[in-house]
Amino acid sequence: MIRKVYADNAATTKLSAAAFEAMKPYFFENYGNPSSLYKLGAESSKAVDKARADIAECINAERPSEICFVSGGSEADNHAIKGAAELGAKKGKKHIISSKFEHHAVLHTLDYLKKHGFEITLLDVHEDGIVRPEELEAAIREDTALVTIMFANNEIGTIQPIKELAEIAHKHGILFHTDAVQAVGNIEIDVRKLGVDMLSMSSHKFHGPKGVGALYMRKGIRLPNLIHGGAQERGLRAGTENVPGIVGMAAALKESIEKMPERNVRLTKMRDRFIDEMLKTDRSIINGDRFKRLPGNVNMCFQGIEGESLLLMLDLNGVSASSGSACTSGSLDPSHVLLAIGLPHEIAHGSLRLTFSEENTEEDIDYIISVLKPIIKRLRDMSPLWEKIIKNN
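Just so it is clear, the structure is predicted and the values come from calculations on it, not from any experiment.

Caption draft 1: Inspection of the side chain of His177 at higher detail. With respect to the helices and strands, His177 occurs in strand β6 (residues 175-179). Given a relative accessible area of 0%, His177 falls into the buried group. In this structure the side chain of His177 is engaged in a polar contact, spanning 2.8 Å, whose partner is the side chain of Thr148. A polar contact of 2.9 Å, which involves the side chain of His177, links it to the side chain of Ser200.

Here it is, written out as structure tokens:
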């Protein structure tokens, strides 16, 4: 019997009931524009202020004003990186350091800046998917304006030594930004302990609504506008605030953090059991560090098969999964993340990403394993590449 299993929570998550209930009044009752002076607008403004304070508390920001609401992670990354680049250029600093396996919201922004005279250094992430602090130190130059390193990778889930990387950047007087879209709501985040200057987050990665996110900017940092128009968000981001989305984001993040300790113990156990079982499959590998990864993230390669066929067959069996980032799922090229950790093209093509949430159960894990193993065998039996691999070994 086919079982429906959603295991692509890194792409997006189901809206939580708590977030939905929090949002409803701001669609039908308190629908005023928060910039308006009358009572209906004031109610919306109060809701935005409360959500800002709640989100600031969730990441231990010093004050609510350090939170700027945006449309999502991509906008937050663009605002942080382009803004810091503009500030640096005014001081004659046009060098930016990042890593080779960043999300495309970062990499494509850096490509844009490169066309406008900036020099970009992309650090290696090695086989384990971890940036080495000493390599960041070695890459810093006198004209370095920004270091931007993602907190947790969106494909292989590896968690970076953000505190140490930020300390190195600050030792040289350089701003530090982290794309924490996959981390916020999934692991503990304390921006003051970490010492980051800017941090990007997106609501729909932790059971909030799509189309809303936030950029944390440490007190004292004033970025140029990315979107011009009105004076919303203290003049940092023009456009009428998405009040229902903002309220839902705050409710979802609060709930996610409350559930985090118990949830992450359970997800880690499920993740590790799945990996242990699937590593028994011949020519299978786990991508990235086995343990320094998000609790619900599994990313594996199965040699001799093609990822797209694997996903289609899983879907026919009711399993929603991914072979990489949802943002590039239409591409036939192997993941840039897997190439960055040193996998050859032919192996990187056979990747599978499963990302679990509190909605998943042990029975889900059993079911995925029960359908995945026969699918791998069937695809290998049909594959000339697998036949060649077997003959050569």
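Caption draft 2: Geometry of the packing of helix α10 (residues 307-316) against helix α13 (residues 362-381). At their nearest, the axes of α10 and α13 sit 10 Å apart, and the two run at 135° to each other. Between α10 and α13, the interaxial angle falls into the category oblique. The handedness of the crossing between α10 and α13 is right-handed. Where α10 approaches α13, its residues Ser309, Leu310, Met313 and Leu314 are matched on the opposing element by Val371, Leu372, Ile375, Ile376, Arg378 and Leu379.

Caption draft 3: Just the packing of aromatic side chains, in detail. A full pass over the atoms with the stated rule returns two aromatic pairs. Seen in terms of ring centroids, Phe27 and Phe28 are 6.3 Å apart; in terms of plane orientation they differ by 55°. Their pairing is tilted. Looking at Phe27, the relative accessible area reads 46%, which means it is partly exposed. Centroid distance Phe274 to Phe356: 6.3 Å. Interplanar angle 70°. Geometry classified as edge-to-face. Pair noted here: Phe274 is in helix α9 (residues 243-278) and Phe356 is in the loop between β12 (351-355) and α13, with a separation of 82 residues, a long-range link. Take Phe274 and Phe356: they sit in the same class, and that class is buried. One Lys or Arg, Lys82, reaches over the ring of Tyr112 and ends 4.6 Å from the middle of that ring. Its end group placed over the ring of Trp386, Arg380 keeps NZ or CZ at 4.0 Å from the ring centre.

Caption draft 4: Highlighting the nonpolar core. Ranked by size, the top nonpolar core spans 63 residues in total, and within it Phe69, Phe176, Ile189 and Leu199 carry the most contacts. For this core, the leading source of residues is α9, giving seven residues. The residues touching Ile189, leaving out its near neighbours within four places in the chain, are Cys58, Ile59, Phe151, Ala183, Val184, Leu194 and Leu199. Counting residues in each nonpolar core, the second largest holds 29 residues, with Met270, Leu314, Phe356 and Ile368 among its members.

Caption draft 5: Main features of the sheet that holds strand β7 (residues 198-202). Ordered by their spatial adjacency, seven strands build an open sheet running β2-β8-β7-β6-β5-β3-β4, and the pairing between neighbours is mixed. The sheet is open, and its two borders are formed by β2 (67-70) and β4 (119-123), each paired with just one other strand. Between one strand axis and the next, the sheet turns through 20° on average, direction left out of account. Relative to β7, β6 runs parallel, the two being bridged by three bridges. Paired with Thr178 across the two strands is Leu199, which belongs to β7. Against the sheet, helix α5 (residues 104-115) engages β3 (95-99), β4, β5 (144-148) and β6, with an angle of about 155° to β3.

Caption draft 6: Summary view of the environment of Ser35. Looking at the secondary structure, you find Ser35 in the loop between α2 (25-28) and α3 (39-58). When its relative accessible area of 46% is taken as the criterion, Ser35 is described as partly exposed. With 261 residues separating them in the primary sequence, Ser35 and Gly296 have C-alpha atoms 40 Å apart. Excluding residues that lie within four positions of it along the chain, Ser35 makes contacts with Gln232 and Glu241.

Caption draft 7: Structural detail: unusual backbone geometry. Unlike most non-glycine residues, His207 shows phi in positive territory, near 70°. With respect to the element layout, His207 can be found in the loop between β7 and β8 (213-217). The class for His207 is buried, based on a relative accessible area of 9%. Residue Arg283 is not a glycine yet carries a positive backbone phi of 55°.

Caption draft 8: Seen up close, the pattern of salt bridges. Per the stated rule, a full pass over the model turns up 28 salt bridges. One salt bridge connects Glu62 with Lys219, and the closest N-O pair in it is separated by 3.2 Å. With Glu62 in the loop between α3 and β2 and Lys219 in the loop between β8 and α9, the pair connects residues that are 157 residues apart, well separated along the chain. Taking relative accessible area as the criterion, Glu62 reaches 42% and is therefore assigned partly exposed. Among the salt bridges present, the one from Arg273 reaches Glu362, with a minimum N-O distance of 2.7 Å. On the criterion of sequence distance, the pair formed by Arg273 in helix α9 and Glu362 in helix α13 is long-range, its members being 89 residues apart. The exposure class assigned to Arg273 is partly exposed, which follows from its relative accessible area of 31%. Glu362 gets classed as partly exposed once you look at its relative accessible area, which sits at 27%. Here the residues in one salt-bridge network are Lys50, Asp54 and Lys254, joined through shared partners.

The rules behind these values
- Residues numbered from 1 in each chain as written.
- Predicted model: local features only at pLDDT ≥ 70, side-chain atom pairs only at ≥ 80, totals over all residues.
- Heavy atoms only, no water.
- Helix = DSSP H or I, 4+ residues; strand = E, 2+ residues; numbered from the N terminus.
- Buried < 20%, exposed > 50% of the residue type's maximum accessible area, 1.4 Å probe, protein only.
- Polar contact = N/O pair within 3.5 Å; in protein donor to acceptor, adjacent residues only side chain to side chain.
- Axes fitted to C-alpha atoms, helices over the stretch in contact; angles between N-to-C directions.
- Parallel < 35°, antiparallel > 145°, perpendicular 65-115°, else oblique.
- Left-handed = near helix turned anticlockwise from the far one by under 90°.
- Contact = heavy atoms within 4.5 Å.
- Phe/Tyr/Trp six-rings, centres within 6.5 Å; stacked < 30°, edge-to-face > 60°.
- Lys NZ or Arg CZ within 6 Å of the ring centre and 35° of its normal.
- Core = buried A, V, L, I, M, F, W, Y, C linked by side-chain atoms within 4.5 Å.
- Pairing = 2+ DSSP bridges.
- Salt bridge = Lys/Arg side-chain N within 4 Å of Asp/Glu carboxyl O.

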